[in-house]
Amino acid sequence: YIYNGLHQRLFEQKKPFMLKREVSASEKGYHEETMFVHDIFLPVLSNENEVEAILVFSRFGGPFSDEEMQEYIGLTKQISISLQKIALYEQSEQARETVQHILNTVQEGIHFVDKNGNSKIVNKQMVALLQKQSIVELEGASYEQWARGLVEQSDAGITLCDYLQSIIFNGDEEREPFVYHLPQKRKVIQVYAKPLYRNGERQGTVFVHRDITKEFE
């Protein structure tokens, strides 16, 4: 429908225009006399100056004023900005899903936490390691919330806790990889950390938990 009739003029000229026409029978209702209506057609343009949507306003009795025309043009600009935000959000979500799929193919447990220790990104291997059911459970989880499950099932206990805290909260980037055992799972895990910087500012830490059980057999 958007490509039919008068709308084609908007695609070609990309400028609003007004049209006076006789009211159709379906629009008259119970009125029998000849009536006229003014339609105003306005394009919603993208950053690339392409028509993304069309606004149509109709008025019986009289034309739209220049002031009203400018108000409607301002409205199309606001709608254009909103559509751009939606498009950016969808692109961001697609990129996030792609990154998540990539992380889930990695055998190691991957865990990114911010400077405050809050969980931001995990893969499914890390979810299993932290004894959770889904990634959603760890999204935004505080240090106390996600670390408790790991520390409690490890034989390292306080030592593992000190290792994590010194890196997350003290920014100790020189710590060597740490090895801990999970007795109930009969696994040996090695964890190492890498800081993540953006524009010279530390954003957080990426922890990699690698199963090295076979190396101890």
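These numbers come from a predicted model, not from an experiment.

The rules behind these values
- Residues numbered from 1 in each chain as written.
- Predicted model: local features only at pLDDT ≥ 70, side-chain atom pairs only at ≥ 80, totals over all residues.
- Heavy atoms only, no water.
- pLDDT = per-residue confidence, 0-100.
- Helix = DSSP H or I, 4+ residues; strand = E, 2+ residues; numbered from the N terminus.
- Phe/Tyr/Trp six-rings, centres within 6.5 Å; stacked < 30°, edge-to-face > 60°.
- Buried < 20%, exposed > 50% of the residue type's maximum accessible area, 1.4 Å probe, protein only.

Caption draft 1: Examining the confidence of the model for the protein chain more closely. Confidence along the protein chain averages 88 in pLDDT terms, with 93% of residues attaining 70 or more. For the protein chain, per-element mean pLDDT is lowest for helix α2 (residues 25–28), which scores 63, and highest for strand β4 (residues 109–114), which scores 95.

Caption draft 2: Representation of the packing of aromatic side chains in the model. By the definition in use, this model includes six aromatic pairs. When the ring of Tyr 143 is compared with that of Phe 169, the centres are 5.4 Å apart and the planes differ by 80°; the resulting orientation is edge-to-face. Taken as a pair, Tyr 143 in helix α5 (residues 143–153) and Phe 169 in the loop between α6 (158–168) and β6 (178–182) lie far apart in primary sequence, 26 residues in all. Of the residues examined, Tyr 143 reaches a relative accessible area of 5% and is grouped as buried. On the accessibility criterion, Phe 169 (40% relative accessible area) is partly exposed. Ring centres of Tyr 163 and Phe 178 lie 5.2 Å apart, and the angle between their planes is 25°; this geometry places the pair in the stacked category. In this pair, Tyr 163 sits in helix α6 while Phe 178 sits in strand β6, placing the two residues 15 residues apart along the sequence.

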